[in-house]
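# Architecture at a glance
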Amino acid sequence: MLRTQLLVVLLLCLVVTSVSAGEPAFISEVRGGVYSHDIDFWSFKREQGVDVNGEILFVSPEVLSALFAPRPHVGATLNTAGDTSHVYAGLTWEYDLTPDFFVDLNLGGSAHNGKLDTDDNDRKSFGSSLLFRVGGAIGYRLTSNWNVSLQYEHMSNAYISDPNEGMDNLGVRLGYRF
């Protein structure tokens, strides 16, 4: 987990360096916001707190053009109450509904610091340290660079191991596209 956190910090430093240099050649967008942690939607609620989320989306490489050019992403969702936090990576597909409205689909994996199997009624049992992560968003472009979106994320082990309580988060994010 420490290696993953160091990788996220390194990537954030690259973003700051690229943005300050005025040429983020490989970074497409940065997003950040707040989530309601462990909502009662696809899974049931056990954990508490508010999450802080940050994400970097990269320019889609040519090799992904056959998959409708998704943008690779890395991010972190940190829980403010000391419950489960996670780092993640994957692909984001974006589709324009109108010139101002868009939707996203996210697929990938995550690594978390939560419990694998616990009897604590205030914590989730994930069954595995590595989880699948899926999500989606609906967003609105405020300007050509700025957008706001409502983001949903679900992570679980997809019943590959037992237990598999899964977790759902929902929140609002602000994005800046280069």
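Structure's up top.
Before going into details, it helps to say that this report is about the structure given with it. (Residues numbered from 1 in each chain as written. Predicted model: local features only at pLDDT ≥ 70, side-chain atom pairs only at ≥ 80, totals over all residues. Heavy atoms only, no water.)

### Side note on the overall build of the chain
Check the secondary structure of the chain and you find one helix and eight strands. Secondary structure elements in the chain, listed N-terminal to C-terminal, are α-β-β-β-β-β-β-β-β. In the chain, which comprises 178 residues, the share counted as buried stands at 44%. Put simply, of all contacts in the chain between residues at least 6 apart along the chain, 57% involve residues at least 24 apart. (Helix = DSSP H or I, 4+ residues; strand = E, 2+ residues; numbered from the N terminus. Buried < 20%, exposed > 50% of the residue type's maximum accessible area, 1.4 Å probe, protein only. Contact = heavy atoms within 4.5 Å.)

### Some thoughts on the environment of Leu142
Relative to the helices and strands, Leu142 resides in the loop between β6 (130-141) and β7 (146-156). The exposure class of Leu142 is partly exposed, given its relative accessible area of 48%. For the pair Leu142 and Phe101, spaced 41 residues apart in sequence, the C-alpha separation works out to 9.6 Å. Among all residues touching Leu142, those that are not within four sequence positions of it are Asn147, Val148 and Leu174.

### Remarks on the sheet that holds β7
With respect to topology, eight strands assemble into a closed barrel ordered β1-β2-β3-β4-β5-β6-β7-β8, the strand pairing being antiparallel. Sheet twist, expressed as the mean angle between neighbouring strand axes with direction ignored, is 25°. Inspection of the sheet shows strand β5 (residues 101-112) paired to β6 by eleven bridges, in the antiparallel sense. Pairing of Phe102 across the sheet is with Gly139, part of β6. (Pairing = 2+ DSSP bridges. Axes fitted to C-alpha atoms, helices over the stretch in contact; angles between N-to-C directions.)

### Regarding the pairing of strand β8 (residues 167-177)
Two elements, strand β1 (residues 27-36) and β8, share eight bridges in a ladder whose sense is antiparallel. When the bridges of β8 are listed, Tyr35 appears paired with Gly171.

### Focus: the packing of aromatic side chains
Under the defined criterion, the tally for this structure stands at five aromatic pairs. Each ring, one from Phe41 and one from Tyr152, has its centre 5.3 Å from the other, and the planes form 75°; the classification is edge-to-face. Here Phe41, found in the loop between β1 and β2 (50-58), pairs with Tyr152, found in strand β7; they are 111 residues apart in sequence, far enough to count as distant. Given the relative accessible area of 18%, Tyr152 is considered buried. Ring geometry for Tyr176 versus Phe178: centroids 5.2 Å apart, planes at 75°, classification edge-to-face. Judged by its relative accessible area of 37%, Phe178 falls in the partly exposed class. Aromatic rings pair up to connect Trp146, Tyr176 and Phe178 into one cluster. Across the ring face of Phe44, the terminal group of Lys124 is positioned such that the distance to the ring centre comes to 4.9 Å. The residue whose ring lies beneath Arg133 is Tyr88, and the NZ or CZ to ring-centre distance is 3.7 Å. (Phe/Tyr/Trp six-rings, centres within 6.5 Å; stacked < 30°, edge-to-face > 60°. Lys NZ or Arg CZ within 6 Å of the ring centre and 35° of its normal.)

The analysis is restricted to geometry; functional conclusions fall outside its scope.
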